[in-house]
Amino acid sequence: MVGRDQMDTTAAKSIPVFDIDLFSDDSLRSPYENYSTLRDAGPVVYLPRAGAYAFPRYAEIRRALEDHETFISGKGVGLSDFGNNSRRGTPIASDPPLHTLVRGVVQDRLSLRAVREITPSIQAKADELVASILERAEFDGVIDFARQFPLLIMADLIGLPRDGREHILEWADAGFNLFGPDNERVRSSMSRFPEVVSYIRSLEQPGRLRPGSMGAAIYEAAEQGKLKFEQCGPLMVAYLMAGLDTTINAISAALMLFGKYPEQWDKVRSNPKLLPTAFNEVIRLESPIQNLRRVLSRDYEVDGHVVPAGASVLMMFGSGNRDGRKWADPDRFDATRNPVGHIAFGMGIHNCPGQILARAETMALLEGLVSAVARIEIGEPVWHLNNVIRGLERLPVRLHA
Ligand code: HEM
């Protein structure tokens, strides 16, 4: 693949243009070669097929994430208008002061203290799931394991009724697709949106959300005048969906990587204290969210290149997390690495508010496995293709005690 130069009208250095479709099936299945090409081309590239500039290297992504006044989220962090409009006014698609208000509504429900309070219940559910797969000679690491867990936890936290949950995981997948450019995956996901809206409406009937739950707290905030009632539905969708495929894929990526690198599993088995940082290494290497955009509020200069005000710029989390300028031997899975500063949870004011919960969920499962399983044998992983989520469709697994 050859990059050509885009001339711009300012006398600034030209920005390399790449005719790559980062959202094609092939690229989604194996993105890392494209990422490496883009990183080598420069700190900023232009991707005409996405209609966006992109930052493929760690340093520029991090700097941009920490500068929310220049790199704004309020026009939406996806590339499709439909997706951006559907998220308007939620934390991920807003700037201060609105962002401060909507993020603040249930922030305390995801704090360290709040997650500690629900950890015994998370642990009990994790123990049950781990016990069920330990009984089986073979199972699917995605279908029977990773996909079984985060919805249980999120449904409890948000206070969802038992009925009506059947399609939530499909809706979450569709919701993440809507961050992509206007492609077939976006078009087919749009058709699921009315189902999500009617499900959320059904939760607004009195008595549907568990009293005291995070979902109930969102509607109480509206009753207390902190929010407008019409802001509640989008906020419910934002929290419910954000906590599913992300965590599911962190869990299945952990199984895959520890299966592929048994010597790394041996290391965490002999020292389980490594597990929390090994979790960071898993999501550094297979970042569940690969790309989100920002829009420039002013002209921005990167290493002599000028990116114009109003332009869309992709923050390539998955690429920055594999940038050799930041990480030694970046493609290697090293459970002892302790990758401080990884951007799988973002950075700056939009950094993931669910990260303590995601970590607690994954830890509860891995701790169960680490004490019982000597080796994780895996078959060929099958990737699930989503515009922004990197994750698996299937992963054959056999556990050895
Ligand atoms: C391993 C699991 C997870 C990963 C890798 C992840 C990743 C991310 C990333 C990269 C962002 C930054 C978006 C941006 O900069 O525009 C983010 C934001 C967000 N995440 Fe997560 N997330 C995970 C789990 C969760 C969970 C469990 C929840 C909810 C309980 C959640 C809720 C949110 C919300 C509401 C935002 C928007 C915050 C804002 O814009 O202020 N996430 N997440």
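Check the entry above for the structure.
How each quantity is defined
- Residues numbered from 1 in each chain as written.
- Predicted model: local features only at pLDDT ≥ 70, side-chain atom pairs only at ≥ 80, totals over all residues.
- Heavy atoms only, no water.
- Helix = DSSP H or I, 4+ residues; strand = E, 2+ residues; numbered from the N terminus.
- Rg over C-alpha atoms; globule rule 2.2 N^0.38 Å.
- Buried < 20%, exposed > 50% of the residue type's maximum accessible area, 1.4 Å probe, protein only.
- Contact = heavy atoms within 4.5 Å.
- Polar contact = N/O pair within 3.5 Å; in protein donor to acceptor, adjacent residues only side chain to side chain.
- Donors = N, O, S within 2.8 Å, 3.2 Å for Na, K, Ca; no water.

Trainee: Would you explain the overall build of the chain in this entry?
Mentor: A count of helices and strands for the chain gives 18 helices and 14 strands. For a compact globule of 401 residues, the expected C-alpha radius of gyration is about 21 Å, and the chain comes in at 21 Å, within 12% of that figure. Principal-axis analysis of the C-alpha atoms gives the chain an extent of 65 × 55 × 35 Å. Of all 401 residues assigned to the chain, the portion counted as buried reaches 55%. Within the chain, contacts between residues at least 6 apart in sequence are counted, and of these 71% link residues at least 24 apart.

Trainee: Teacher, can you tell me more about the side chain of aspartate 95 here?
Mentor: With respect to the helices, strands and loops of the structure, aspartate 95 is situated in the loop between helix H4 (81–86) and helix H5 (98–104). At a separation of 2.9 Å, a polar atom in the side chain of aspartate 95 contacts the main-chain amide nitrogen of glycine 74. Look past the residues within four positions of aspartate 95 in its chain and what remains in contact with it is His68, Ile72, Ser73 and Gly74.

Trainee: Could you clarify how one ought to interpret the coordination of the iron atom of the ligand in this entry?
Mentor: Octahedral metal centres with six donors ideally show angles of 90 or 180 degrees, and tetrahedral centres with four donors ideally show 109.5 degrees. In this structure, the iron atom of the ligand receives exactly one donor atom from the protein: Cys352 (SG), at 2.3 Å. Among the secondary structure elements, cysteine 352 is positioned in the loop between helix H17 (317–320) and helix H18 (355–372).

Trainee: What exactly am I supposed to notice about helix H9 (residues 168–177) here?
Mentor: Residues three or four positions apart in an α-helix share a direction because the helix packs 3.6 residues into each turn. With respect to burial, H9 is a largely interior element, eight of its 10 residues being buried. Looking at H9, one finds that the buried residues are Ile168, Trp171, Ala172, Asp173, Ala174, Gly175, Phe176 and Asn177. Contacts from the buried residues of H9 go to helix H8 (150–158), helix H10 (184–190), helix H11 (193–203), helix H13 (232–242), helix H14 (245–260) and strand S12 (382–385).

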